[in-house]
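Secondary and tertiary structure notes
Residues per chain, in single letters:
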Amino acid sequence: MTELIQPIFQTAAWVAIHAFVPAFIVMNAVLIAGAFLTYVERKVIGHIQLRPGPNRVGPLGLLQPLADGIKLLTKEDIIPAQADRFVFVIAPFFSLVPVIMAYAVIPWGEPTTIMGLLPWLRAFDGWGYIPPAWNPFPLVPEKATLVVSNLNIGVLYILAMSGLSAYGIILAGWGSNSKYALLGGLRSAAQVISYEIAMGLAIVGTLMLAGSLSLVDIVRAQESSFWYILAQPLGFLIFFISGIAETNRAPFDLPEAESEIVAGFHTEYSGMRFAFFFMAEYGAMVIISAMASILYLGGWLPLQLPIPSSVPAIGSALAGADGAVRAVNGALMAIPPIVWMLSKIGFFLFVYIWLRATFPRLRYDQLMHLGWKVMLPLGLANIFVTGLVILVKG
Amino acid sequence: MVNLDQAFFLYFAAMIVVFSIVTITRKNPVYAVMALLVVFFHVAGLYVLLNAEFIAALQVVVYAGAILVLYLFVLMLLSVPREALGAAVHRRWPVYALVGGAAAVEIALLLARSKFAQRPGPYPPDVVREVGSTQAIGTVLFTEFLYPFEVISLVLLVAMIGAIVLTKKWTPAQGGEEGR
Amino acid sequence: MTIPLSWVLALSAVVFGIGVIGLLTRRNILILLMSLELILNAANINLVAFSHYLHSMRGNVIVVFTIAVAAAEAAVGLAILLSLFRNRRTVNLDEVREMKG
C-alpha cells in the first residue's frame, strides 16, 4: 500500500511546493497590492490637487482599501432584468483571470534563500513526528527562483494574456444590454486591439537585442551589457504609452469617460463584480509597469554608475572620482534585488497616477490617430533602425 | 495505466470535442464564440504537450486574441435583434450531419491504415527543447520557407485591402451608387 | 511519457467531422465561419502532431502559415458578412438567393 501511494504523494508534494505555493503567494500579493494601489492613487492625486486624500480609516487612512473591500462585498448584487445573465456573470472573470495569469512569468529577483528560510525548511523534520518517507520538506528547493514559471516564450505569453482582456470588456458591454455599456465595450475593445499592435512592435526591438523571449534571459542579457532604455528610448516610449492605452487609463480612459457614456462597459455592474473589473485594471497596470522595468530598466538589477576612467570621453578629467563612484556602486549593490524590482515598478505606477492627474482625456479620433498613424509607424521604424544597427555592429 | 502526459491529453481532447460540439449547436453566436474560445485554449494546451510552445502562444495571440475578438466585434456591430439570431438549422440537417460524421470516420480509418515516414528529421523533441521551439521554427521559417513566408505577407495585405474595400461606405462622389 | 500518434489523429478527425457537420447544417453565416475555424484547427493539430513525431519543424512552420491564412479568411469573410447585413438585414444563408438562376 505504502509503495503505491508514496510516489503519488511525493509527486503531489513536489507540484504543491514548486507550483501551487509560488502561484498562491504571487496571486495574493498581487490582489492585496492592487487594493492598496487604489489608496495610493487617491492619496497621490489628492496631494497633487492640494487635498489630503483619504484620511479617516486607520492611521493616514491606510485601512481605506479594507473599508472599500467590505463595502463592495456587502453591497447588493444587481443583475439587470434585460441582461444576458450568463454572459453578465462570467464577463468579470474573463477580465480578471488573464491578468492574474500573466503574473506567472514575471521574474521578481535573483534566486534567493529568503534569508536562510529555505535551508531551514529543507532540514525540517516535523520535530520527529513526520515519518521520513512522508516528509515533504526535503523537496523544498535550496534557493527559490523568484518566478512562478520561467517560460521560454514569456513575452509572447504576456502579449497573449493582455490580448484576452478585450473579451471581458466586450462581453460585459454586450451582456449588460445597455447602450452605454455596449458603446463603452466597443470603444475599449477597438482601443485595446489597436494599441496591442504598437506595443508588440515596440517590444520586438528589445527582443532583437536580447535574443530571447524569456523575461529572465532578457534581464540576464542586460546584466552583461546595459539597460535597454539606453538603446531603445523610442521603443520604451512607444511601449509605455501603448501600455497606458492598453490598460484603459487616463489620458486614454475613453471606455469609461464619465461625462460621455456614464461608466462605459461596467455601467451596470455593482458590488464584487464591479470590484473584479477594478482589480483587473490595477493588476494590468502593475503588469505593464513590471514589463517596462524588465524590458527597459534591467528588472531586478541594481543601478550601477559607469566608472569614470573607463569612459573614454571624460576618462582623464574625472579619474579622481573613481573611488567615490565605486563606493556608491557598492552601496547600490547591497540593496536586495527584489527591492530594486519593486521600486522600479513603484516608479512606473507613480508615473501612471501622475499622468492621470495631469493630462486631459483624448478624443476618440485622436486616440485612433495616435495609435495607427503615429505609434505603429514609429514602432516599425524602431525595428528597422535596431536591425540596421545590429547588422552594422555585429 | 495512463501516465501524466496521456492524462493531460485525454483532458484536452475531451474538452476540445465537447466544446466544439457546443460551438456548432448554440443558437446565439455569442455563446458559440465563448465555446470556441475554450476550444482554442485547449488546442494551445495540446500544442504545449506536443512540444510546440511557440505555436501554442501564436494560437492564443492570433486565434483567441485577434480572430475571435473580430467575430465578437462584428457581432456587436451587426446589432441583430436577439430573436433573429436564432433560426436556423438547415431543414435536411440529419442528412448533412451523417455526411460529416462519415467524413470523420473515413479520415480516421484512412489515417489508421496509413504508413508514415520512418526517417526522422533533424529536430527530435530533445533538440527542440534544447534550442527552444521559437528558434527551431525561426530557423526553418527563414531559410527553407522564406519564399512562402513572403507570399503569406502578400495574402495578408490583399485580405486587408479587401476587407477595407468591402466594408467602406462609398459616397456617390467616390463612384458608389447612392451611397449604399 | 508519450502520447500515441493515433490518439492525436483520432482527435483531429473528430474535430474535423464536427466542423464539417457545423458547416453543412447551420445557416447562420457567423457559425459557418466558426465551423471553418474548427476545421482549420483540426488540420493544425495534425500538422503539429506529425511535426512532433517525425522530428521535423516543417509542420510547425506550415501551422504558422495556416494561422495567417485563417486570419485573412476571417477578415474577408466578416467583411463580406458586414456588407451583406447592411444590404439585406440578415445573417441567414437561406435568405440570400440573388445568385440563384
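What you see is a predicted model; the values in this text were computed from it and never measured. (Residues numbered from 1 in each chain as written. Chains lettered and ligands numbered in written order. Predicted model: local features only at pLDDT ≥ 70, side-chain atom pairs only at ≥ 80, totals over all residues. Heavy atoms only, no water.)

Let's talk about the overall build of chain A
Stated precisely, the cut-off is as follows: Numbering of helices and strands runs from the N terminus, with a helix taken as a DSSP run of H or I at least four residues long and a strand as a DSSP run of E at least two residues long. Note on method: radius of gyration uses C-alpha positions; expected globular size equals 2.2 Å times residues raised to 0.38. When accessible area is computed with a 1.4 Å probe and restricted to protein chains, residues below 20% of their type maximum are described as buried, those above 50% as exposed, and intermediate ones as partly exposed. Contacts were defined at the residue level, with two residues in contact if any of their heavy atoms lie within 4.5 Å. Values of accessible area rely on a 1.4 Å probe in the Shrake-Rupley scheme; residue burial ignores everything except the protein chains shown. When charges are counted, neither His nor the chain ends are considered; positive counts come from Lys and Arg and negative counts from Asp and Glu. We put the charge of a Lys on NZ, of an Arg on CZ, of an Asp on CG and of a Glu on CD.
Within chain A one finds 13 helices and zero strands. Along chain A, helices (α) and strands (β) appear in the sequence α-α-α-α-α-α-α-α-α-α-α-α-α when read from the amino end. At 24 Å, chain A has a C-alpha radius of gyration in line with the 21 Å of a compact globule built from 394 residues. Dimensions of chain A, computed from C-alpha atoms along their principal axes, come out at roughly 70 × 65 × 45 Å. Evaluated residue by residue, chain A yields a buried proportion of 48% over its 394 residues. Of the contacts formed within chain A by residues at least 6 apart in sequence, a portion of 79% connects residues at least 24 apart. With an accessible surface of roughly 19,200 Å², chain A has 73% of that area assigned to carbon and sulfur atoms. Positive and negative charge centroids in chain A, built from 21 and 21 side chains respectively, lie 7 Å apart.

Some remarks on the environment of Asp 365 of chain A
Checked against the element boundaries, Asp 365 of chain A lands in helix H13 (residues 364-393). Between the C-alpha atoms of Asp 365 of chain A and Tyr 352 of chain A, which are 13 residues apart in sequence, the distance is 22 Å.

A few points about the nonpolar core
Condition: Nine residue types can take part in a nonpolar core, namely buried Ala, Val, Leu, Ile, Met, Phe, Trp, Tyr and Cys, and a core is a set of them joined through side-chain atoms within 4.5 Å.
Grouped together as the largest cluster of nonpolar side chains are 174 residues, with contacts concentrated most on Ile 106, Tyr 167, Leu 215 and Phe 239 of chain A together with Tyr 71 and Leu 72 of chain B. The dominant element in this core, judged by the number of residues it contributes, is helix H3 (residues 53-78) of chain B, at 18 residues. Ignoring any residue separated from it by four or fewer positions in sequence, one finds Tyr 71 of chain B in contact with Val 33 of chain B together with Leu 30, Leu 33, Met 34, Glu 37, Glu 73, Ala 74 and Leu 78 of chain C.

Here we look at the interface of chain B and chain A
Cut-off, in case you're wondering: In short, buried area is how much 1.4 Å probe accessible area vanishes from two parts on joining, totalled over both. Whenever two N or O atoms come within 3.5 Å, that pair is a polar contact, provided that in protein one can donate a hydrogen and the other can accept it, and provided that, for residues adjacent in sequence, both atoms are side-chain atoms. When residues are grouped by polarity, Ala, Val, Leu, Ile, Met, Phe, Trp, Tyr, Cys and Pro land in nonpolar, Asp, Glu, Lys and Arg in charged, and all others, Gly among them, in polar.
The interface is formed by 21 residues belonging to chain B together with 24 residues belonging to chain A. Note on chain B versus chain A: buried area summed over both sides is about 2,200 Å², and carbon and sulfur give 79% of it. Counting across the chain B and chain A interface gives two residue pairs in polar contact (both at pLDDT 80 or more). Listed by contribution, the elements that provide at least two residues to the side of chain B that touches chain A are helix H2 (29-49) and H3 of chain B. Of the residues in the side of chain B that touches chain A, the class split is 15 nonpolar, four polar and two charged.

Focus on the arrangement of the chains
Between chains B and C lies the most contact-rich interface of the two pairs of chains that touch. Here chain A and chain C are not in contact; the least distance found between their C-alpha atoms is 14 Å.

Notes on the interface of chain B and chain C
Formally: Only one rule defines a salt bridge in this text: a Lys or Arg side-chain nitrogen within 4 Å of an Asp or Glu carboxyl oxygen.
On the chain C side, the residues contacting the 84 residues of chain B number 71 residues. Contact between chain B and chain C buries roughly 6,900 Å² in total, counting both sides, with carbon and sulfur atoms accounting for 79%. Its largest share of buried area at the contact with chain C, chain B owes to Ile 24, Leu 50 and Tyr 71 of chain B, together 11% of the area lost on that side. Summed over the shared surface of chain B and chain C, the result is one salt bridge. Only helix H1 (4-25), H2, H3, helix H5 (93-113), helix H6 (125-131), helix H7 (133-141) and helix H8 (146-167) of chain B provide two or more residues apiece to the side of chain B that touches chain C. Element by element, the count of residues in the side of chain B that touches chain C is highest for H1 of chain B, at 13 residues.

A look at empty space enclosed by the protein
Residues and elements named next belong to chain A. Just so we agree on the cut-off: Note on definitions: the grid is 1 Å and covers protein atoms alone; a cavity is a set of points where a 1.4 Å probe fits but cannot get out; a pocket is an open set with protein on both sides within 12 Å along at least five of seven lines; lining residues have an atom within 4 Å of a point. Grid points are joined across faces, edges and corners, and a volume is the space filled by probe spheres set on the points.
If you walk through the whole model with that rule in mind, you get four cavities of 30 Å³ or more. In terms of lining residues, the largest cavity is bounded by 22 residues, among which Val 99, Ser 165, Ala 280, Glu 281 and Ala 284 are the most central. Elements represented by at least two residues in the lining of the largest cavity include exactly helix H3 (85-102), helix H5 (154-175) and helix H10 (271-296). For the lining of the largest cavity, the element with the most residues is H10, which contributes six residues. Grouping the amino acids of the lining of the largest cavity by side-chain chemistry returns 13 nonpolar, six polar and three charged.

Some details on the pattern of salt bridges
All names here are of chain A. What the rule picks out here adds up to eight salt bridges over all chains. Between Arg 42 and Asp 68 there is a salt bridge, and its shortest N-O distance comes to 3.2 Å. Here Arg 42, found in helix H1 (residues 2-48), pairs with Asp 68, found in helix H2 (residues 64-74); they are 26 residues apart in sequence, far enough to count as distant. Taking relative accessible area as the criterion, Arg 42 reaches 39% and is therefore assigned partly exposed. With a closest N to O distance of 3.5 Å, Glu 223 and Arg 220 form a salt bridge. Taken together, the residues span about one helical turn, with Glu 223 and Arg 220 both in helix H7 (residues 215-224) at a distance of three residues. Its relative accessible area of 44% is what places Glu 223 among the partly exposed residues. Classification of Arg 220 by relative accessible area gives partly exposed; the value is 32%.

Examining the confidence of the model for chain C
All names here are of chain C. Keep this limit in mind: Confidence scores here are pLDDT values: one per residue, from the predictor, ranging 0 to 100.
Residues at a pLDDT of 70 or more form 95% of chain C, whose mean pLDDT is 85. Mean pLDDT in chain C bottoms out at helix H1 (residues 5-25), which sits at 87, and peaks at helix H2 (residues 29-53), which reaches 90. The complex prediction reports pTM at 0.87, with the ipTM value standing at 0.88.

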